[in-house]
Amino acid sequence: KVIPLYSALATSGNSEQKWEVGDKIFTHIIDPFSLRALEVKEMKSVTVQAPTCALADALATACMTFMSDREALEWTESIKAKQEGVAFWITTKP
């Protein structure tokens, strides 16, 4: 896919900035419900194309906070329907 001029990409993920506490792994992303570090259930990254870098970064980080891939995909579809020029790439690995 060709990225249009005046477009930005941002990626958020949990494979780099993480730490272990006991048998759990946490990431630098804050869980919006508990206001604590988000627990890593699986390795994941989200890349977003958007009209601005700030929007791409915010959407990528927000997408990381969903508890299931189904919820994340439903949310991305709703965002794409409202915001022209936005695309998502979600990568997960166990």
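Preceding this paragraph is the structure being described.
Residues numbered from 1 in each chain as written. Predicted model: local features only at pLDDT ≥ 70, side-chain atom pairs only at ≥ 80, totals over all residues. Heavy atoms only, no water.

(A) Geometry of the pattern of salt bridges. Under the criterion given, the structure shown has 3 salt bridges. Here Glu-39 makes a salt bridge to Lys-41, at a shortest N to O gap of 3.5 Å. Residue Lys-41 is classed as exposed on the basis of its relative accessible area, which comes to 66%. (Salt bridge = Lys/Arg side-chain N within 4 Å of Asp/Glu carboxyl O. Buried < 20%, exposed > 50% of the residue type's maximum accessible area, 1.4 Å probe, protein only.)

(B) The arrangement of the packing of aromatic side chains in detail. Taken as a whole, this structure holds 2 aromatic pairs when the rule is applied. Here the aromatic rings of Phe-66 and Trp-75 are separated by 5.3 Å at their centres, their planes lie at 40°, and the arrangement is tilted. When the centroid spacing of 5.8 Å and the interplanar angle of 70° are considered together, the rings of Trp-75 and Phe-88 count as edge-to-face. Linking Trp-75 in helix α2 (residues 69–82) with Phe-88 in strand β6 (residues 87–93), this pair joins segments that are 13 residues apart in sequence. You'll find Trp-75 and Phe-88 in the same group, each marked buried. Through a chain of ring-to-ring contacts, three or more aromatic side chains come together here, namely Phe-66, Trp-75 and Phe-88. (Phe/Tyr/Trp six-rings, centres within 6.5 Å; stacked < 30°, edge-to-face > 60°. Helix = DSSP H or I, 4+ residues; strand = E, 2+ residues; numbered from the N terminus.)

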